[in-house]
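Listed here are the chains, written in short residue letters.
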Amino acid sequence: MSVRVLVVDDSPLMRKFLTDMLKSNPLINVVGTAEDGEDAIRKVAELSPDVVTMDVEMPRKNGLSALADIMSKHPVPVVMVSTLTTKGAKETMEALNLGAIDFVAKPSSTPIGLHKIKDELISKVIGAKEARMRTKFGMHVRASTTTKGADRVVLVAASTGGPRALTAFFESLPQGFPAAMLIVQHMPEGFTKNFADRLNGCGTLPCREAAPGDRVTPGLALMAPGGKHMIVGMNGELKFTEDSPMHGVRPAADLMFLSGVKVYQSRCIGVVMTGMGKDGAEGAVQVRHAGGVCFGESEESCTIYGMPKMAKLAGGIDAEYPISEIAHALVAVLSGRLARAS
C-alpha cells in the first residue's frame, strides 16, 4: 500500500527535487505540493496525506507555524526538511517539540547535495506512516529522589520520536539523579548540542553533548555527538570515531552499549526508547547477560514501536514501561526496590 505524501517548500526547484526523489520509490505517491504554510494547511485538509515533508523558512506562514496549526486541526506525520545551520538546528528542535515525527538535514540546495539525502528521506517518509500521532504525553510525575546508585551507568538508545520521549523522560527524573547516563539519539552532526542543551534546561539531570576528554561521571548525562560513534573505554573514558555506520546509523547505540558493558558489567542499566530499526537490541541482550537490567519503552507511548520491540524479541528487555514511568523504574533499581527479571 503506497504512502501518500504532500511536499511543502517555497522553492519550485526544491519541490521538484524532493518530489522526484520520493517518486523514485514505488511505495510513495506524491499527491500534491504546497508553496508555503498557508497552502500546506489547506492541502492537508483537502488531500488527507499520510505524510507531509515540511520546509521551515517560507513566506506568509513558515513551517513551524504551519506545523502547529496542522497538529491542532489535522494531525498527520510530518518530516521536516531542515538546513544544516545553527539556526536550522534550533528550529528543528522546536519542530520536533511541536509534534514533527522526524527531520532530514539538507546539505545544500543543489541537485548533487540533495541526492545525498535521498535514501534517508525515503526511509523516514515510509517509516513516518506507521508513527503514532500524539500532541502530548500527559502529566509527568517526577520520580522520588534517591542517593543510591552512583556506581551505576544508564545507557539510553533513542531514534524517531526520541527528542519528545527524552524530554518527557528528563522532566520526570528527580533532581540529583545519582547515576551516570550516556545517550545515543540518532541525529546528524550539528543537532545534538542544541538538543542536549534543551534536556539540560529541564533542570533535573545535567546534560550536555559529549566531547573528547569526557569520562562517565555520576550525576551527569552525556549525549553522543551527531555523526560520531561514542565508545566507552577503560576507566570510563569516552572515545569518538567516524567509523562506518552500524545498522545504517552513526552514532549507533549498540556500540555504546557493548563497550559500556565491557567496562561496567552488571552495573549497566539499559533503556531502549522509540525508533525505527533494531539499534540497541544486541546491546540490550548483552546488558542482561552481564547481569544488568534493561527497560524498553512500551508500545503505548512509542512514536514508532520498532527498536524496543526488536530488543524485546531478542530477549534484551526485563520490562516495558510508558515513557512517563521509566524514570520511576530506574530509581527503583538504584534504590534496590526493583530487581532484574530472571
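Residues numbered from 1 in each chain as written. Predicted model: local features only at pLDDT ≥ 70, side-chain atom pairs only at ≥ 80, totals over all residues. Heavy atoms only, no water.

**Some thoughts on the nonpolar core**
- Judged by nonpolar contacts, the single largest core of 63 residues is most densely connected at Met54, Phe169, Phe170, Phe177, Met181 and Ile183.
- In terms of residue count, the dominant contributor to this core is helix α12 (residues 323–334) (eight residues).
- In contact with methionine 181, not counting residues within four places along its chain, are Val154, Val156, Phe169, Phe170, Leu173, Leu205, Leu220, Ala221 and Leu222. (Core = buried A, V, L, I, M, F, W, Y, C linked by side-chain atoms within 4.5 Å. Buried < 20%, exposed > 50% of the residue type's maximum accessible area, 1.4 Å probe, protein only. Helix = DSSP H or I, 4+ residues; strand = E, 2+ residues; numbered from the N terminus. Contact = heavy atoms within 4.5 Å.)

**A few points about the side chain of threonine 92**
- Within the secondary structure, threonine 92 sits in helix α4 (residues 86–98).
- A relative accessible area of 0% means that threonine 92 is categorised as buried.
- Dropping the residues within four chain positions of it, threonine 92 is found in contact with Ser82, Phe103 and Phe191.

**Re the sheet that holds strand β5 (residues 102–106)**
- Spatial ordering of the open sheet is given by β2-β1-β3-β4-β5, a layout of five strands whose pairing is parallel. For this open sheet the edge positions go to β2 (28–34) and β5, each flanked by a neighbour on one side alone. Across this sheet, the average inter-strand angle for adjacent strands is 25°, counted without regard to direction.
- Two elements, strand β4 (residues 78–83) and β5, share five bridges in a ladder whose sense is parallel. Counted as the bridge partner of valine 81 is valine 104 from β5. (Pairing = 2+ DSSP bridges. Axes fitted to C-alpha atoms, helices over the stretch in contact; angles between N-to-C directions.)

**Describing the pattern of salt bridges**
- As enumerated under the stated definition, the model contains 16 salt bridges in all.
- Residue lysine 193 is joined to aspartate 197 by a salt bridge in which the shortest nitrogen-to-oxygen separation is 3.1 Å. With lysine 193 and aspartate 197 both in helix α8 (residues 192–200) and four residues apart, the pair spans about one turn of that helix.
- By relative accessible area, lysine 193 is classed as partly exposed at 49%.
- With its nearest N and O atoms 2.8 Å apart, the salt bridge here joins arginine 208 to aspartate 214.
- Accessibility expressed as a relative area gives 34% for arginine 208, which makes it partly exposed.
- One salt-bridge network, in which partners are shared between bridges, spans Asp9, Asp55 and Lys106. (Salt bridge = Lys/Arg side-chain N within 4 Å of Asp/Glu carboxyl O.)

**Points about the pairing of β4**
- Burial analysis of β4 places five of its six residues in the buried class, which makes it a mostly covered element.
- Summarising the sheet, strand β3 (residues 51–55) and β4 pair through four bridges and their orientation is parallel. Bridge assignment links valine 52 to a residue of β4, and that residue is valine 78.
- Tracing the backbone out of β3, into helix α3 (residues 63–73) and back to the parallel element β4 gives a crossover that is right-handed. (Right-handed = clockwise from strand over helix to strand, strands pointing away.)

**Let's talk about α12**
- Within α12, nine of the 12 residues are buried, which leaves it mostly tucked inside the rest of the structure.
- Tucked into the core, α12 has its buried residues touching β6 (153–158), α7 (162–172), β12 (268–272), β13 (293–297) and β14 (319–321).

**Overview of the sheet that holds strand β9 (residues 221–223)**
- Strand order in this open sheet of seven strands is β8-β9-β7-β6-β12-β13-β14, and the pairing throughout is parallel. Either end of the sheet is taken by a strand with one partner, and the two such strands are β8 (207–209) and β14. If you compare each strand with its neighbour and ignore which way they point, the axes differ by 20° on average.
- Of the pairings in the sheet, the one linking β12 to β13 comprises four bridges and is parallel in character. Bridge pairing in β13 links isoleucine 269 to valine 293.
- Sitting on the sheet, helix α9 (residues 253–264) is in contact with β6, β7 (180–185) and β12, with an inclination near 170° to β6.
- Sheet strands in contact with α12 are β6, β12, β13 and β14, and its direction is about 170° off that of β13.

**What to know about the environment of arginine 142**
- In this structure, arginine 142 sits in the loop between α6 (118–128) and β6.
- Residue arginine 142 is classed as partly exposed on the basis of its relative accessible area, which comes to 42%.
- The sequence separation of arginine 142 and leucine 238 amounts to 96 residues, and the corresponding C-alpha distance is 29 Å.
- Aside from chain neighbours lying at most four places away, what touches arginine 142 is Glu171, Ser172, Leu173, Pro174, Gln175, Cys202, Thr204 and His328.

**Quick look at the packing of α9 against helix α10 (residues 281–289)**
- Taken N-terminus to C-terminus, the directions of α9 and α10 make an angle of 20°; their axes are 7 Å apart at the nearest point. As the angle between them shows, α9 and α10 are arranged roughly parallel. Between α9 and α10 lies a crossing of left-handed hand. Residue-level inspection shows Asp254, Phe257, Leu258 and Val261 of α9 in contact with α10, the latter providing Ala281, Glu282, Gly283, Ala284, Gln286 and Val287. (Parallel < 35°, antiparallel > 145°, perpendicular 65-115°, else oblique. Left-handed = near helix turned anticlockwise from the far one by under 90°.)

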